[in-house]
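Coordinate analysis (summary)
Next come the chains, spelled out residue by residue.
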Amino acid sequence: MSETISQTIADYVQAMAQADGDMLREVLDPRANIVGNYEGATEWLSVEDFIHQLRSAEQGLQESQYEFDIIGIDKVGDTASVKLTTQMGSVVFCEYLSLLERERNWTITHKLYYLQG
């Protein structure tokens, strides 16, 4: 588990790009929801549904095929909100992640995304 917010985000992006279910289970709380509009419909996915969706899509992006930029981190006590953009190949997302610190580790408790292109 990651001890810093930035490392949690880096681990999350790497796990998402590589469809690494085990790593995603480490950074996402098992009760987390992944929410956004995709192809005209609202998605409201559990962690396991999200992992399944990633594994069903094109997988195994090389490090040069994905990138992310943390736009801002708002931290108060053991809670944080992170705004970031992620680019997976030609697809760009704007994401808002809610995190909670437990036992000196940061866990993503909710993901809200917008598909930019």
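Below, the structure is looked at part by part. Keep in mind it's a predicted model, so treat the numbers as computed, not measured.

Another aspect to go through is the nonpolar core. Ile 9, Tyr 12, Leu 24, Phe 50 and Leu 99 are the most contacted members of the largest nonpolar core, which has 29 residues in total. Of all the secondary structure elements, the ones that give two or more residues to this core are helix H1 (5-17), helix H2 (21-27), strand E1 (28-38), helix H3 (47-56), strand E4 (79-88), strand E5 (91-102) and strand E6 (105-115). Tallying contributions element by element places H1 first for this core, with 7 residues. Setting aside its immediate chain neighbours within four residues, Ile 9 contacts Phe 68, Ile 70, Val 82, Leu 84, Leu 97 and Leu 99.

The 6 strands lie next to each other as E2-E1-E6-E5-E4-E3, forming an open sheet whose pairing is mixed. In this open sheet, the two strands that pair with only one neighbour each are strand E2 (41-46) and strand E3 (66-76). Neighbour-to-neighbour, the strand axes of this sheet turn through a mean angle of 15°, independent of strand direction. Sheet topology places E1 next to E6; 6 bridges connect them, and they run parallel. What sits directly across from Val 35, in E6, is Leu 112. The strands touched by H1 are E3, E4, E5 and E6; relative to E3, the strand with the most contacts, the crossing angle is about 145°. Packed on one face of the sheet, H3 meets E1, E2 and E6 and runs near 110° to E2.

Looking now at the pattern of salt bridges. Going through the model one piece at a time under the given rule, you end up with 5 salt bridges. Across the salt bridge formed by Asp 29 and Arg 31, the nearest N and O atoms sit 3.0 Å from each other. Accessibility expressed as a relative area gives 4% for Asp 29, which makes it buried. Overall, the relative accessible area of 63% leaves Arg 31 in the exposed class. The salt bridge partner of Asp 29 is Arg 102, with a shortest N-O separation of 2.8 Å. A residue pair is termed long-range when its members are at least 10 positions apart, and Asp 29 in strand E1 and Arg 102 in strand E5 qualify at 73 residues. What emerges from the salt-bridge pattern is a single network uniting Asp 22, Arg 25 and Glu 48.

This part is about the pairing of E4. Burial along E4 is one-sided: Ala 80, Val 82, Leu 84, Thr 86 and Met 88 are buried, while Thr 79, Ser 81, Lys 83, Thr 85 and Gln 87, pointing the other way, are not. Note that E3 and E4 share 10 bridges and pair antiparallel. Across the sheet, the residue bridging to Ile 70 is Leu 84, located in E4. Counted between consecutive antiparallel strands, the loop separating E3 from E4 contains 2 residues, among which Gly 77 sits at a positive phi close to 60°. As paired elements, E4 and E5 share 10 bridges and run antiparallel to each other. What sits directly across from Thr 79, in E5, is Leu 100. Where E4 folds back on E5, the antiparallel hairpin that results is connected by 2 residues, among which Gly 89 adopts a positive phi of roughly 65°.

Conventions we followed
Residues numbered from 1 in each chain as written. Predicted model: local features only at pLDDT ≥ 70, side-chain atom pairs only at ≥ 80, totals over all residues. Heavy atoms only, no water. Core = buried A, V, L, I, M, F, W, Y, C linked by side-chain atoms within 4.5 Å. Buried < 20%, exposed > 50% of the residue type's maximum accessible area, 1.4 Å probe, protein only. Helix = DSSP H or I, 4+ residues; strand = E, 2+ residues; numbered from the N terminus. Contact = heavy atoms within 4.5 Å. Pairing = 2+ DSSP bridges. Axes fitted to C-alpha atoms, helices over the stretch in contact; angles between N-to-C directions. Salt bridge = Lys/Arg side-chain N within 4 Å of Asp/Glu carboxyl O.

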